[in-house]
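If you want the building blocks of each chain, they are given just below.
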Amino acid sequence: MVIKKAVVLLFLLCVQVVASAQNNCAIKFSGTVVTEKGEALAGASLGIGKTERGEVSDRNGKFLFSDLCPGEYEVSVQYLGYKTKRFRFTATKDTYEEFRLEPEITELNEVVIQDAVMNTEQAQNFTVLQEKQLAESAGKTLGESLKEITGVNSIQAGPGIFKPVIHGVHSQRVLILNYGIRQEGQQWGAEHAPEIDPFVASNIVVIKDASAIKYGTDALGGVIVVNPAPLPESAGLGGSINTIAQSNGRSGTISGLLEGGIKNQEGWGWRLQGTAKRAGDFSSPDYMLTNTGIKELNFSASTGYHKENAGVEVFFSHFQTELGILKGTAIGNLDDLVNAMEREPPQYTSGFSYGISEPRQEVSHNLLKLNGHIDTHTGDWRVQYGFQNNNRREYDIRMAGLSSIPAIDLVLNTHTLETEWESNNSEKHISGFGITGMLQENNNIPGTQRIPFIPDFNNLSAGLFGVSKLIFKKVVADFGARYDYRYYNVAGYDYKNTLYKSSLQFNNVSATAGATFSLRKQQSLSVNLSTSWRPPHVAELYSLGTHQSAAAIEYGLLLNDSTNEVMEIEDVPFQIEQALKWVSTYQRSGAKFDFEASAYVNYIFNYTYLRPTGITQNIRGTYPYFRYTQTDALFVGADLSATWRVSPMWRITPKATLLRASDVRHDDYLVNIPSNKFEVGLRYEDPTLFSLRNFYVESKVKWVAQQHRAPRTITPREFNDAILEDTDPLLGSSSNFDFMDAPDAYWLINVAMGVSADMGKARYDFRLAAENLLNTEYREYTNRFRYYADDLGTNFIFSIKCTF
């Protein structure tokens, strides 16, 4: 309590001090970023070193830095595939500058990053989390960091497992590119977080439509592109060290990076990076969340050689984590389940501990990437190979000494091969095509002493795509089409422990068309219409049994509703998912006010989801159980964001994420759909306040509405009473239901401040923040463990970053 009051008083004191500071920092630096032929470059990164401020050029190549103080500045302009340009100027009055960038084929990791930037031009609806924004969320998972973007939420399982949700959909419908490679793990579980270390990224691009068509199926919701920084190309040594301490969970994180070139070997570059994290039990405002600790250890290495028109690169990364699952989700009988959902604190709650016991997860992910590119007079050729090895073990509380043996033990190996050609002989028309292939093998490791939750399978996939871009004076139009084929060879055991085998084939076409219109006075309007499809994952078809990480029992689409026998796919009314999505985005940039509004409609035919079905009991306990089912779903929403520069130092940033989802086929509501969110941020920045560098202080107020569009509720107590009375609460209605009412709306207040200092050849960035400052009790609707416990209480964060 004393610490909380001290932070509040310190925050208020800083606000009072900066409010009284006198300044005349109202100078504007604006301009455009274009190619050497005069074509606008959208998504170019610009930074002013003295202020540590960064901007991204808009779809017309325009940028604006406002509220600069008088003085000397150096501007750096970067765009992947082009030489970095640096510019020095003295700020005494408003300045306008046009930057013409020269092409440069550099490193191999640009093969996909360059694609990502190009696709953000085509996507019509994208957001970039720059390095500065990532630094301010350092220590958080990828899913937590992305929640800063309007239209992006998360579905989570307790305080340590977050999975990104874009426009209401997640998991297999959101494609993630890690260092240019499709992330392939056991993504079928809502409680399976992406095995990605955010510290490897220099920026993260979120594409909110399906126009990134070259990356394949599964992008019904959008694409997340994790981009590393370019490798050095000349001799020298540099790096950074991040240390983060957090009060909630008493966690500590350290991440280091070292990179450089090779003396007398121009074009060679290398980088080493590693992260270690340790957290104990997290806490809600009133009690500990027992057994929610985290252990994490990651590292990566890359090297590459590049010359003017060719290059090659090798990258390897290892991600390893151990995650505790809330102890209160372990249920023995129906009475326990009733108590677990009604009592506070949760069952088995104890004092703080760093120990992690069952239930828990152990996950490791290895990625190896080789790629190369060569430019000819007709176009650019790129080729990329990736290998991923994913190991997932899930441990339950089991009888007869079996708790130390994993209940789920899966090894997934994935090989991908991609080749692409892009023309470069026309200023007004750019086109390209590519071929992709994937070979995947999933195996259950023997010894779990239970029927495998999902079967063994081999996955053979191939795709062919073509894209085209037409450039006119006021309009840029984009088109793309793709054909994909997928083959599954499946072998597993049913509930009788009888072997079954199946061969499944799926194929379909995806297409996208969009345009960006340049309007007057730094305004633009973008529209995109796309159709995409998604083959089912084996888990959606054959899941069988208890999934402790989700605190539930799950059954696949091909399991008979009454007998749980495995059926042939021809004997069930199954159809592949297909989506038709429209997105329109309006942008306006001004001296004092920037505004962006995106509206979207996403109609998904044969939408596959886990539907609550009832309560069931087996030898491992009593759990809510869910069945995969299909319906037609409609997602309609809007993302709104603005920046109001009230004065040279003060900035207000309102945001809103609005979403309505419906089960169209049954005129009903869907479960676990994110509720509407609203946020207002107030930030003060002064690069030279009292000789301090890059000083800022910020407050954010977030309001999360109650999800009123939730299905009816049938509680475990009602199920229990029905069993005693020999009745059925589901009789007479087939509509969706949930086991608990949607939680109430809630407010959260977060505050933060930061400052930088130069010490010799190193720079130190200090940051102090408080999340949920008022220690508000709340439950998040998309948290799978909201049935059992409140969400996190107050969390104080202190971080130091040293850059050398």
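Residues numbered from 1 in each chain as written. Predicted model: local features only at pLDDT ≥ 70, side-chain atom pairs only at ≥ 80, totals over all residues. Heavy atoms only, no water.

Here we come to the nonpolar core. Ranked by size, the top nonpolar core spans 46 residues in total, and within it Phe506, Tyr542, Phe574 and Tyr788 carry the most contacts. Secondary-structure elements contributing two or more residues to this core are helix 5 (334-342), strand 28 (475-493), strand 29 (499-519), helix 6 (538-542) and strand 35 (621-644). No other element matches the 4 residues that helix 5 contributes to this core. Apart from the residues lying within four places of it in its own chain, the contact partners of Phe574 are Phe506, Pro536, Leu541, Leu557, Ile569 and Gln630. Ranked by size, the runner-up nonpolar core spans 26 residues in total, among them Ile27, Leu68, Leu101 and Trp650. (Core = buried A, V, L, I, M, F, W, Y, C linked by side-chain atoms within 4.5 Å. Buried < 20%, exposed > 50% of the residue type's maximum accessible area, 1.4 Å probe, protein only. Helix = DSSP H or I, 4+ residues; strand = E, 2+ residues; numbered from the N terminus. Contact = heavy atoms within 4.5 Å.)

Turning next to the packing of aromatic side chains. Note on aromatic pairs: each is described by the distance of the centres and the angle between the planes. Summed over the entire model, instances satisfying the criterion amount to 37 aromatic pairs. When the ring of Trp188 is compared with that of Phe453, the centres are 5.6 Å apart and the planes differ by 25°; the resulting orientation is stacked. With Trp188 in the loop between strand 13 (181-182) and strand 14 (203-207) and Phe453 in the loop between strand 26 (429-444) and strand 27 (456-471), the pair connects residues that are 265 residues apart, well separated along the chain. Grouping residues by exposure puts Trp188 and Phe453 together as buried. Look at Tyr586 and Phe595: their rings are 6.5 Å apart centre to centre, the planes differ by 55°, and that puts the pair in the tilted class. A relative accessible area of 24% means that Tyr586 is categorised as partly exposed. Linked through ring pairs, Phe626, Phe719, Phe737, Phe739, Phe785, Tyr787 and Tyr788 together constitute an aromatic cluster. (Phe/Tyr/Trp six-rings, centres within 6.5 Å; stacked < 30°, edge-to-face > 60°.)

Once that is clear, we can look at the environment of Ser699. When you line up the elements, Ser699 lands in strand 38 (residues 693-704). Overall, the relative accessible area of 15% leaves Ser699 in the buried class. The spacing of Ser699 and Leu370 is 329 residues in sequence and 44 Å in space, taken between C-alpha atoms.

Moving on, we get to helix 7 (residues 716-725). If you check which residues of helix 7 are buried, you get Pro716, Phe719, Asn720 and Ala722. With its buried residues spanning 160° around the axis, helix 7 presents them on a single face. Residues of helix 7 that are exposed and point over 90 degrees away from its buried face: Leu724 and Glu725. Phi turns positive, to about 55°, at Asp726, one or two residues after helix 7. (Arc of directions from axis to C-beta.)

Right, let's talk about the sheet that holds strand 1 (residues 27-35) for a bit. Strand order in the open sheet formed by 3 strands is 4-1-7, and the pairing between neighbours is mixed. Taken across any chain shown, the strands that pair with only one partner, and hence form the sheet edges, are strand 4 (62-68) and strand 7 (95-101). Going from strand to strand, the sheet's axes swing by 20° on average, the running direction of each strand aside. Note: strand 1 against strand 4, 5 bridges, orientation antiparallel. By the bridge assignment for strand 4, Ser30 is matched with Leu64. (Pairing = 2+ DSSP bridges. Axes fitted to C-alpha atoms, helices over the stretch in contact; angles between N-to-C directions.)

Let's shift gears to empty space enclosed by the protein. Put simply, the largest cavity is a space of about 360 Å³. Taken together, 25 residues form the lining of the largest cavity, with His170, Ala190, Tyr609, Leu610 and Tyr628 sitting closest to its centre. Per-element tally for the lining of the largest cavity: the top contributor is strand 34 (residues 593-618), with 4 residues. (1 Å grid on protein atoms, 1.4 Å probe; cavity = no way out; pocket = protein on both sides within 12 Å on 5 of 7 lines; lining within 4 Å. Points joined across faces, edges and corners; volume = space filled by probe spheres on them.)

Here we come to the pattern of salt bridges. Taken as a whole, this structure holds 32 salt bridges when the rule is applied. With its nearest N and O atoms 3.1 Å apart, the salt bridge here joins Glu358 to Arg360. Neither residue differs from the other here; Glu358 and Arg360 are each classed as buried. Each member of the salt-bridge network shares a partner with another, and the members are Glu136, Arg651, Arg683, Glu685 and Glu698. (Salt bridge = Lys/Arg side-chain N within 4 Å of Asp/Glu carboxyl O.)

Summarising the element assignment, Arg534 is placed in strand 30 (residues 523-534). Taking the relative accessible area as the measure of exposure, Arg534 reaches 2% and is therefore buried. Each residue touching Arg534, except ones within four places of it in the same chain, is listed here: Gln172, Arg173, Asp218, Leu220, Glu540, Ile576, Glu577 and Thr608. Of note is the side chain of Arg534, whose polar atom sits 3.0 Å from the side chain of Glu540. At a separation of 3.0 Å, a polar atom in the side chain of Arg534 contacts the side chain of Glu577. (Polar contact = N/O pair within 3.5 Å; in protein donor to acceptor, adjacent residues only side chain to side chain.)

To continue, consider the pairing of strand 14. Where a strand is regular, its side chains alternate between the two sheet faces. By the criterion of burial, strand 14 is predominantly enclosed, with 5 of the 5 residues buried. Taking every second residue as pointing to the same face, both faces of strand 14 are buried, with Asn203, Val205 and Ile207 on one and Ile204 and Val206 on the other. Here strand 8 (residues 126-129) runs beside strand 14; their pairing, made up of 4 bridges, is antiparallel. Looking at the pairing, Leu129 lines up with Ile204 of strand 14.

Let us look at the sheet that holds strand 9 (residues 152-156). Taken in spatial order, the 3 strands line up as 9-10-11 in an open sheet, and their pairing is antiparallel. Of all the strands in the sheet, the pair left with one neighbour each is strand 9 and strand 11 (169-170). Two strands pair when backbone bridges link them, and strand 10 (residues 162-166) and strand 11 are joined in this way by 2 bridges, in the antiparallel orientation. Each bridged residue has a counterpart across the sheet, and for Val165 the counterpart in strand 11 is His170.

By themselves these figures say nothing about function.
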